[in-house]
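A closer look at the structure
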Amino acid sequence: MSVNSERVFDDVNLDRPKYHPSTELVYLESTAGEGQEADTLGVRDPYHSSSVPLYQTATFKQPSADGTGEFDYTRSGNPTRSAVETHLAKIMKAERAFVVTTGMTALDVILRLVPNGGQIIAGDDLYGGSNRLLTYLTKLGHVEVENVDTTNVEAVRSKLDPVKTRLVLLETPTNPLIKIADIRAVSDLVHEKCPNAVVVVDNTMMSPYLQNCLDLGADIEYHSGTKYLSGHHDMMAGVIGVRSLDLADRIFFVINATGSGLSPFESWLLLRGLKTLAIRIERQQATAQRIAEFLENQTDIKRVLYPGLPSHPQHQIHISQASGPGGVLSFETGDIATSERIVEATKLYGISVSFGCINSLISMPCRMSHASIPAEVRKARALPEDVVRLCVGIEDPDDLINDLKSALIAAGVKVKA
Ligand SMILES: Cc1ncc(COP(=O)(O)O)c(C=O)c1O
Ligand SMILES: N[C@@H](CCSC[C@H](N)C(=O)O)C(=O)O
């Protein structure tokens with residue numbers, strides 16, 4: 001990565017994945033050219049350390065007064081940050097990937113692609129913080145936002161304007177109602193009708209291990225790296241993967257101009273977390289599937305939302321575009337007080353926002369992660385107040401089911417074995 005803030009990315013033909021995704025996650029490649037000293041993900045290290053070195057520095061000394069070193073200032077570039085970006089680009093099958101301070105920063109950087117007055121089409125069920133940022137930009141008069149049910153391709157079509165539409169934002173599965181959008185169908189439609197628009201997918205819930213949005217036709221895929229990618233809830237990060245060099249240049253410009261790049265230490269932690277992504281998510285989703293089936297079997301549970309259940313309305317679309325259902329599910333009890341009692345009676349599930357952590361978590365989105373969406377908007381968008389979200393961790397599956405069973409019983413819900 002160069003120090004130049006105006007830089008144009010070269011088409012260097014980044015290595016494409018050669019192995020199965022779980023191998024690629026732990027396989028850190030050398031990007032050294034012929035005759036160059038071997039490296040790991042572009043970081044040359046005379047000591048051949050097994051883990052990528054941490055360049056905890058703000059500045060880099062230059063070889064001469066013309067400042068032609070590869071790096072000059074960590075806001076513009078840092079070898080540890082470049083290493084995780086190179087690794088992520090391979091995993092996301094992206095032309096380039098970038099890491100920034102949080103998932104919200106990733107969305108903020110991406111939204112700066114939209115010119116003043118541009119129209120954004122976004123889902124009617126999306127993370128509360130994303131909704132807050134879009135609402136803020138709308139109130140300032142910078143953009144127009146149309147919220148539609150993105151599970152319905154015709155609803156998206158009805159809002160597209162060939163001139164005004166500049167960005168279509170999908171979450172799939174959505175947070176917290178686990179609704180699925182057809183990434184291929186929406187991308188094809190938007191590219192056909194609105195040549196100036198980019199299709200952006202918040203892929204946080206799936207991670208690139210389960211779903212590759214760029215392969216499915218999206219232009220940009222982003223993540224809250226705070227969740228599955230890092231996996232331990234001990235850091236925050238955002239990740240952006242793009243399909244073209246033009247988008248890479250535009251995104252890099254904003255990151256450098258605003259100083260939103262991820263710090264060296266956080267980059268190092270993110271790279272470490274990525275190596276265990278496959279093993280964590282496989283365990284989390286196997287247990288989540290069992291929990292979803294257990295809950296669906298309970299007559300007193302009103303509705304279970306999980307794409308691994310054949311009863312999920314978009315189950316077929318989900319399995320056509322993702323290789324697994326993931327570790328997050330939501331359910332409704334039909335009664336806010338009952339939901340509250342369940343949340344408070346669990347012992348193994350921490351009452352906490354966020355997901356993708358090795359520990360299991362439980363929350364009431366309307367009170368927590370989505371509290372920033374005004375109650376009347378939640379109502380208009382049919383976000384039920386009693387909904388409970390479960391984020392399944394890597395604990396023993398039987399312990400997790402037994403703990404939930406006990407919590408249901410303690411909350412007064414009849415439980416079948
Ligand atoms: C789906 C989704 N996208 C984006 C974000 C924002 O990520 P961060 O908290 O890292 O800013 C979150 C949660 O915060 C989320 O749930
Ligand atoms: N107080 C925070 C809430 C963060 S929610 C984090 C996560 N995306 C989730 O869905 O649980 C805020 O106001 O942003």
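Reading the values: the criteria
- Residues numbered from 1 in each chain as written.
- Chains lettered and ligands numbered in written order.
- Predicted model: local features only at pLDDT ≥ 70, side-chain atom pairs only at ≥ 80, totals over all residues.
- Heavy atoms only, no water.
- UniProt positions renumbered as here; feature names shortened; annotations may be inferred.
- Near = heavy atom within 4 Å.
- Polar contact = N/O pair within 3.5 Å; in protein donor to acceptor, adjacent residues only side chain to side chain.
- Nonpolar A, V, L, I, M, F, W, Y, C, P; charged D, E, K, R; others polar.
- Helix = DSSP H or I, 4+ residues; strand = E, 2+ residues; numbered from the N terminus.
- 1 Å grid on protein atoms, 1.4 Å probe; cavity = no way out; pocket = protein on both sides within 12 Å on 5 of 7 lines; lining within 4 Å.
- Points joined across faces, edges and corners; volume = space filled by probe spheres on them.
- Domains from an automatic or database assignment.
- Core = buried A, V, L, I, M, F, W, Y, C linked by side-chain atoms within 4.5 Å.
- Buried < 20%, exposed > 50% of the residue type's maximum accessible area, 1.4 Å probe, protein only.
- Pairing = 2+ DSSP bridges.
- Axes fitted to C-alpha atoms, helices over the stretch in contact; angles between N-to-C directions.
- Areas by Shrake-Rupley, 256 points an atom, 1.4 Å probe, with all protein chains shown as cover.
- Sits in = over half its atoms within 2 Å of the grid points.
- Phe/Tyr/Trp six-rings, centres within 6.5 Å; stacked < 30°, edge-to-face > 60°.

Looking at an unreviewed UniProt entry, the chain carries the name Cystathionine beta-lyase, with the source organism given as Mycoemilia scoparia. Regarding the chain, the relevant UniProt record gives this comment under Cofactor (unreviewed entry): "pyridoxal 5'-phosphate". One UniProt comment on the chain, placed under Sequence similarities (unreviewed entry), says "Belongs to the trans-sulfuration enzymes family."

**Here we look at the site of ligand 1**
Near ligand 1 lie 13 residues; those nearest to it are Met 104, Asp 202, Ser 224, Thr 226 and Lys 227. Asn 175 has a polar side-chain atom sitting 3.0 Å from an oxygen atom of ligand 1. Lys 227 is positioned with one of its side-chain polar atoms (N or O) 3.0 Å from an oxygen atom of ligand 1. For the shell around ligand 1, the class distribution of residues is five nonpolar, six polar and two charged.

**Here's the deal with unusual backbone geometry**
A cis amide bond links Thr 172 with the next residue in sequence, Pro 173, at an omega value of -5°. Mapped onto the elements, Pro 173 comes out in the loop between strand 6 (165-171) and helix 6 (183-193). Going from Asn 175 to Pro 176, the amide bond is cis rather than trans, its omega being 10°. Mapping Pro 176 onto the fold places it in the loop between strand 6 and helix 6. Positive phi is not limited to glycine here, since Ser 207 has a value of about 70°. Along the polypeptide, Ser 207 turns up in helix 7 (residues 207-210).

**What about empty space enclosed by the protein?**
To find leftover empty space, a probe the size of one water molecule is rolled over the atoms. Following the criterion strictly, the structure yields three cavities of 30 Å³ or more and no others. The space that makes up the largest cavity amounts to roughly 70 Å³. Forming the boundary of the largest cavity are 11 residues, of which Ser 76, Arg 81, Glu 85, Phe 98 and Phe 252 lie nearest the centre. Sort the elements by how many residues they give to the lining of the largest cavity and helix 2 (residues 79-92) lands first, with three residues. For the lining of the largest cavity, the residue count by class is four nonpolar, four polar and three charged. By volume, the second largest cavity is sized at about 50 Å³. As for the second largest cavity, its lining consists of Asp 124, Asp 125, Leu 126, Ile 373, Val 377, Arg 378, Arg 381 and Leu 383. When its residues are assigned to classes, the lining of the second largest cavity shows four nonpolar, no polar and four charged. When residues are assigned to domains, the lining of the second largest cavity turns out to be shared by domain 1 (3-274) and domain 2 (277-410), each giving three or more.

**Some points on the nonpolar core**
Leu 88 and Leu 270 are the most contacted members of the largest nonpolar core, which has 44 residues in total. Breaking this core down by element, the ones donating at least two residues are helix 2, strand 3 (96-100), helix 7, helix 9 (264-274) and helix 10 (277-296). In terms of residue count, helix 2 provides more of this core than any other element does, six residues in total. Taken together, domain 1 (3-274) and domain 2 (277-410) each give at least three residues to this core, which thus spans both. Core analysis: the second largest hydrophobic core is formed by 30 residues, Leu 113, Ala 122, Val 143 and Ile 251 among them.

**Brief notes about the sheet that holds strand 10 (residues 303-305)**
Spatially, the five strands line up as an open sheet ordered 10-11-14-13-12, and their pairing is mixed. Looking at the sheet topology across the chains shown, the edges are occupied by strand 10 and strand 12 (350-351). Across three bridges, the pairing between strand 10 and strand 11 (residues 328-332) is antiparallel. When the sheet's bridge partners are listed, Val 304 is paired in strand 11 with Phe 331.

**Quick notes on the sheet that holds strand 3**
Strand pairs in the sheet, formed through backbone hydrogen bonds, run parallel or antiparallel to each other. Strand order in the open sheet formed by seven strands is 3-9-8-7-6-4-5, with mixed pairing between adjacent strands. Unpaired on one side and paired on the other, strand 3 and strand 5 (144-148) mark the two borders of the sheet. Averaged over neighbouring strand pairs, the angle between their axes works out to 20° when direction is ignored. As judged from the four bridges shared by strand 4 (residues 119-123) and strand 6, these two strands associate in the parallel manner.

**Section: the site of ligand 2**
Around ligand 2, the neighbouring residues are Tyr 127, Arg 132, Asn 175, Lys 227, Val 353, Ser 354, Ser 369 and Arg 389. Interatomic distance of 2.7 Å between a side-chain N/O atom of Arg 132 and an oxygen atom of ligand 2. In isolation ligand 2 offers 390 Å² of accessible surface; the protein chains occlude 69% of this area. Taking a 2 Å distance to the grid points as the criterion, the majority of the atoms of ligand 2 fall inside the second largest pocket. When its residues are assigned to classes, the shell around ligand 2 shows two nonpolar, three polar and three charged.

**Here's the deal with the packing of aromatic side chains**
Within the structure shown, the criterion is met by four aromatic pairs. Centre to centre, the rings of Phe 60 and Phe 71 are 5.5 Å apart; their planes meet at 35°, and the pair counts as tilted. On the criterion of sequence distance, the pair formed by Phe 60 in the loop between strand 2 (43-44) and helix 2 and Phe 71 in the loop between strand 2 and helix 2 is long-range, its members being 11 residues apart. Measuring from centroid to centroid gives 6.1 Å for Tyr 228 and Phe 355, while their planes differ by 55°, and the two rings are tilted. Placement of Tyr 228 in the loop between strand 8 (220-224) and strand 9 (238-242) and of Phe 355 in the loop between strand 12 and strand 13 (361-363) is noted, with a sequence separation of 127 residues between them. Neither residue differs from the other here; Tyr 228 and Phe 355 are each classed as buried.

**What about the UniProt feature "modified residue: N6-(pyridoxal phosphate)lysine" (unreviewed entry) in the chain?**
The feature "modified residue: N6-(pyridoxal phosphate)lysine" (unreviewed entry), as annotated in UniProt, sits at Lys 227 in this numbering. With respect to the element layout, Lys 227 can be found in the loop between strand 8 and strand 9. Judged by relative accessible area, which is 15%, Lys 227 ranks as buried.

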